[in-house]
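Single-letter residue listing:
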Amino acid sequence: MVNSNPATIMTDKDMADKIYIEPITKKTVEKIIDIEKPDSILPNLGGQTGLNIAMELYEDGFLASRGIRLLGTSPEGIKKAEDRQAFKDTMEEIGEPCIASKVVNTYEDAESFAKEIGLPVIVRPAYTLGGTGGGIAYTMEELEEIAKSGLHLSRVHQVLIEKCISGWKEIEYEVMRDKNGSCITICNMENIDPVGVHTGDSIVVAPSQTLADKEYQMLRTSAIKIISALKIEGGCNVQFALNPNSFEYAVIEVNPRVSRSSALASKATGYPIAKVTAKIAIGYTLDEIKNAVTGKTYACFEPVLDYVIVKIPKWPFKKFLTASRELGTQMKATGEVMAIAPSIEQALMKAIRSLEENVDSLILPKLQNLSDEEILQDLKRVDNERIWVIAEAIRREISVDKIHEITTIDKFFINKIQRIVRIEKRLKTEELTEELLTTAKKMGYTDKVISELCGKPQEEIKNIRKEKNIIANFKMVDTCAAEFDATTPYYYSSYDEENEALEETGKKKIVVLGSGPIRIGQGIEFDYCSVHCVWALKRKGYETIIINNNPETVSTDFDIADKLYFEPLTPEDVENIINVEKPYGAIVQFGGQTAIKLTKALTDMGVKILGTKEQDMDRAEDRELFDEALEKCGIPRPKGGTVFTIEEAIKVANELKYPVLVRPSYVLGGQGMAIAYDDNDVREFISEINKVAQEHPILVDKYMLGKEVEVDAIFDGEDILIPGIMEHLERAGIHSGDSISVYPTQHISIENQKTIIEYTKKIAKELNVIGVLNIQFIINRGNVYIIEVNPRSSRTVPYISKVTNLPVIDIATRVILGEKLKDMNYGTGIYKKSDYIAVKMPIFSFEKIKNADTSLGPEMKSTGEVLGVAKEFSEAILKAFIASGVNIPSKGNVLITVRDKDKIEMLPIAKKLDGLGFKIYATSGTAKFLNENGVESETVQKIWEGENSIPDLIQSEKLSFIINTPTKGKNESRDGFKIRRLAVESKVPCFTALDTVTGLYEALEKGLQEEDLEPVDIGRI
Amino acid sequence: MKGYLVLENGSVFSGERIGYNKDAICEVVFNTSMTGYLEIFTDPSYASQGVVMTYPLIGNYGLTKEDQESKKPWVEAVFVHEIAEMESNFRSKMHILTFLEQNEIPGLQGVNTRKLTKMLRQAGTMRGKITNDISNIDNIIKEIKNHEVSNLVETVSSKEIYTCGNGKTKIALLDFGAKQNIINSLLVRDCEVTVFPHDTHYSKLLSDEFEGIVLSNGPGNPEDCKIAIQNIAKLYESNKPILGICLGHQLMGLATGAKTYKLKYGHRGPNHPVKDLKTGRVCITSQNHGYAIEDSSINPNVAEISHININDGTVEGLRYIGKNIMTVQYHPEACPGPEDSNYLFDEFLEIVRKK
């Protein structure tokens, strides 16, 4: 197993015999191959990354020279599907229609072809993940912009220019084939958003809803023809565009591998696509593989559903206030939720509340103030709020036909929204009869929304439901619409009678809450933790119950927990399950903020919270209580205060003296957090935070410059176990999730480390922690301060578990169940230091989100992470840089543009780079400063200054990297912002924190190359 | 209006009345197809049966005559979870409710179809009555039990001989309740199809005029088709290439000494895996049958099993030894369901044309 991502279950020691958390680059993978000498490579389960690296290894004959086979799909098959021209030729050969298109390698060719077929055209770069760099061009100017960027981003400098068919239905099929040529389709899916929106950004339903059998079978037959022509052995995804007014269709794309849609299809049907793909790859045929769900039938059948699923993407726009929310061919979502129900209405409403956007229905208050004219205008915009705009349009009695005409969304779906909206009106105006209440529940309304609409208290509605027996019953996902007896404990709620979740094992039951959709600040790390918790509980003989709604996770595999409830994580939905299961207790500390938020609700339901209690968790979040606790322990923290208004904030800030850190409480990922340097900043930030209604106060703290240090620890009430101390490369002020994190610490004195251990134990004891906690420290002038304590698992747990070889979650779960650390074999206090150094580096997706500011600050922006592991720090950090895609040559050109107060600090870095032989470009102020201080640099003109300007320099592709520190504020019109965006779009690494560059220098200084790095088998650490 | 389905075991399922408001007694079967409701409702093999659609959303894409598998719906009643309020498809000419009303088909929506399906799976196919009055369940059960259906094939089969198309290859089709797409599948392959009533004397079919014979699908217990079985025995003796589909497959079996039996709850759906024992390849097939040929009753000197069902091992296809006869239990003509096995028509016509 080779993967650079430490947050995954798959890079766990027990998952494979050998695990390499290494950069997925040709050089490194070749090295690993030469160490391990495998017979074959399985490239079709690791997404586009896996497929691309396999093709690179194949293309230059490396695989042939080592006698290694590619399993699953042949290189020819991959090429036929991935290479635009080869794909077109193949489709032509088998008579499958494609969209009028042409592969071009230059902008000039793109232009002339676009003129030939007419605008609008879609630009799709070859070999990029998630369609990076693509887009629809309606004008020649747009074509120039998109095509040039696409050509640049493509690994082979190739883009496809194609006729735009927006408005057609977008339909996907998940197909499977074995070596005998037997083919099955697992599932088809229909995008509610017609062609034009990336399928990853579309609301998707499965199965298709508006296709008659003739159309369904036509596309199914085509999909099977394609997978047969490509001779794929395993899973494959085929995307079609279907003209809504005829049988005309076109194959948009084929993924000769398991994809995001496959994961969705697996959860939607209960058919384990990846597992079967792997078995097929090693030679099994479909009729030899058992259907794990029924246990009786075989993998060779097509699932039939007796429910529908709705998927809604989770977008990061709340994190990127400057970013464009418009959706197109470039995917922007970071995650997704799925909901299962017997009707579209109920599934849609469940999915909406699973998003955790504080919206539980189709009512979006901010739209209510718009005029009808504005709503009609908004309907034209394709963005993440479109379904709410449609709902609002329906409230204004704009007709389904009119909405269809504007949006081109099928009337079937608009009618479904209409049916949901109709209930709103009935609830507002009619008496709440049994019939109305039942209908509302079947349409997916929560008691909370019903209460808001009809004016009755939520509790009363719950009581009426109890009395009239309008309760949620759970149905099984069984792959076969009840045709065969199934034993899979995979459930969803419905308001039809008969509860199928009745299996009782007699064991004590524990509910583990999952962490919902993947978003910035709450990624798969929490899935890792939930899954490990379930495994630990199972080993201890408990019956485990998982509640989650994310189809991309391991926790929602039906064979992880004893029971899986695929449901929204809201108090009501969770209570429905609690009512049926009556568990012994619940564990919330592993499911991120999503699970923590439910602690109070669970306590109110009478569910025992296992591990740290609700009131103690609150003591870590509530400023006053937390200060009290710290004071009791004699632990210092940066001074601060709690405020609600701008005036209060300014008063506190001036007392503390600027700079200060401003942030809302009770959030994960530093949402809304910023450093304020003056009153104006405070005004700006507070009004930004208050755009969303705040239940909790805003915190204003003295900003302390210093080294940030982080620990994860386990406390059992008496003893503490600290796997290790991690140090952040970037100083305080940059969110820990966006910092480069190093284990073990490199620059922290023994004395400070001792203090950290002591504080950790003290505060854990004071807060009555049972289980895990995460603490962020700051070291300022040799003194240790606590910044925050999170009595829950953190995003560093998976990586620290891997590099220290300490099963943190397993131990924590046992502690939660009552075991004592001293009775286990891991010792107490700080765990022994690893011989290896691990560098965790954040991954950003800025190029995908137009106009997002790339500068780092207290608010987290990264969407993932990689790990570099080596004996030496310089090697580990270089590995991490390489794995994160930052390719730094040892010589080249660097552009430096920093704010005035950073100039002094930047000087030694510039000197070092100069010493390494880098040529330095700088804007006039910085250049003057550098030249005066003995660093030779060439002046470039700022953005508006015409020739020889920064944009020219960036686009000329001469730069190795850019150092740009951001000036304050979130204003996108500033130069720095433009430079950073230009860098992202031109794929030039741009560092916005000087500490990052210092780290990079340590790697460069040694003159290390990727060739010099030794891959490390994590299992041997 | 509220209505009920009463099963012969006394269970009652409620729902909202849809379609035509009348009582009806039927054999209650379930179909797992997610698309193709119109094809199912108009398939003559469903004569006398009430169909439970396991897929919860029915009527989404409306309907158009061109998708009908015969001139009218043959189902006795329909039981669904939800009928779409607004249908949407470019070909749709009518809402499904209008169609049911016009054709006097009663039905219920809002039925807990999953629970009903599970009951049929566990207890086996049952008969039931759709009614608005459940004041005397015992009487209803008695009524259900006394209800007899016979001559189903006679009801659905064509009363007269007629010819479709004018292709090169002349095919005779013995109509036990043929789906339109069997005829269409032949027509698109350059055939002229002459359709004969179910009880047509074999001599007419064996006329030199016809190069091949197709035995169609149809409703009910195959053993009831006494005359047809006798005729088919004579067809077997000839040298004519014959393709049997579904009931046609069962009748050829009975005509050559094999036995049929009733399956617990039948195979009705679009997703039945069938393995071709010669190639090892598996095709996903569309199926609709309540009876099957008992594999132990097949005389190995007469026929060999060519296809089996992966799920339960039942006989799905036979090749008759020394003959140009192939018969399959499933529906190569699809509609609804996968088109993967329509190559059987090609294979059959290849044999026909070689002769």
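Fair warning: this is a prediction, and the values are worked out from it, not measured in the lab.

## Focus: the interface of chain B and chain A
Quoted interface sizes are often the accessible area lost when the parts come together.
Here comes step 1: Listed per partner, the contact involves 44 residues of chain B and 45 residues of chain A.
Here comes step 2: Looking at the side of chain B that touches chain A, the elements with two or more residues in it are helix 3 (113-123), strand 15 (260-276) and strand 16 (282-293) of chain B.
Here comes step 3: Along the lines of polarity and charge, the residues of the side of chain B that touches chain A split into 16 nonpolar, 15 polar and 13 charged.

## Some details on the packing of helix 23 (residues 614-621) of chain A against helix 24 (residues 623-633) of chain A
Residue and element names in this part refer to chain A.
Here comes step 1: Where helix 23 meets helix 24, the closest approach of the two axes is 5 Å, and the angle between their N-to-C directions is 90 degrees. Between helix 23 and helix 24, the interaxial angle falls into the category roughly perpendicular. Each of Asp618, Arg619 and Ala620 in helix 23 lies in contact with helix 24, whose residues at this interface are Leu625, Phe626 and Ala629.
Here comes step 2: Looking at side-chain class alone, the contact of helix 23 with helix 24 contains four nonpolar, no polar and two charged residues.

## Things to note about the sheet that holds strand 7 (residues 169-177) of chain A
Residue and element names in this part refer to chain A.
Here comes step 1: As summarised here, the arrangement of the seven strands in space is 11-10-7-8-9-12-13, forming an open sheet in which the pairing is antiparallel. Only two strands of the sheet have a single neighbouring strand rather than two, namely strand 11 (249-255) and strand 13 (335-341). Neighbour to neighbour, the strand axes of the sheet diverge by 25 degrees on average, direction disregarded.
Here comes step 2: Taken together, the three bridges between strand 9 (residues 204-206) and strand 12 (residues 308-314) define a ladder with antiparallel strand orientation. Of the residues in strand 12, the one forming a bridge with alanine 206 is isoleucine 309.
Here comes step 3: Strands in contact with helix 10 (residues 273-281) are strand 7, strand 8 (183-191) and strand 10 (234-242); relative to strand 10, the strand with the most contacts, it is inclined by about 125 degrees.
Here comes step 4: Its contacts with the sheet put helix 11 (residues 344-354) on strand 9, strand 12 and strand 13, and the angle it makes with strand 13 is roughly 145 degrees.

## Details of the domain arrangement of chain B
All names here are of chain B.
Here comes step 1: According to the domain assignment, chain B consists of domain 1 (2-149) and domain 2 (153-354).
Here comes step 2: Put simply, the middle of domain 1 and the middle of domain 2, counted by C-alpha atoms, are 27 Å apart.
Here comes step 3: Counting residues per element, the ones that place at least two in the side of domain 1 that touches domain 2 are strand 3 (24-31), helix 1 (37-41) and helix 3.
Here comes step 4: Top contributing element to the side of domain 1 that touches domain 2 by residue count: strand 3, with three residues.
Here comes step 5: A class-by-class count of the residues in the side of domain 1 that touches domain 2 yields eight nonpolar, eleven polar and four charged.

## A look at helix 17 (residues 447-454) of chain A
Residue and element names in this part refer to chain A.
Here comes step 1: Asp447, Val449, Ile450, Leu453 and Cys454 are the residues of helix 17 that are buried. Viewed along the axis of helix 17, the buried residues span an arc of 160 degrees, placing them on a single side of the element.
Here comes step 2: Against the buried residues of helix 17 lie helix 15 (411-429), helix 16 (434-442), helix 18 (458-468) and helix 20 (571-581).
Here comes step 3: Remark: glycine 455 follows helix 17 within two positions and exhibits a positive phi of approximately 85 degrees.

What counts, and where the lines are drawn
Residues numbered from 1 in each chain as written. Chains lettered and ligands numbered in written order. Predicted model: local features only at pLDDT ≥ 70, side-chain atom pairs only at ≥ 80, totals over all residues. Contact = placed C-beta atoms within 7 Å. Helix = DSSP H or I, 4+ residues; strand = E, 2+ residues; numbered from the N terminus. Nonpolar A, V, L, I, M, F, W, Y, C, P; charged D, E, K, R; others polar. Axes fitted to C-alpha atoms, helices over the stretch in contact; angles between N-to-C directions. Parallel < 35°, antiparallel > 145°, perpendicular 65-115°, else oblique. Pairing = 2+ DSSP bridges. Domains from an automatic or database assignment. Buried ≥ 20, exposed ≤ 12 C-beta atoms within 10 Å, placed from the backbone. Arc of directions from axis to C-beta.

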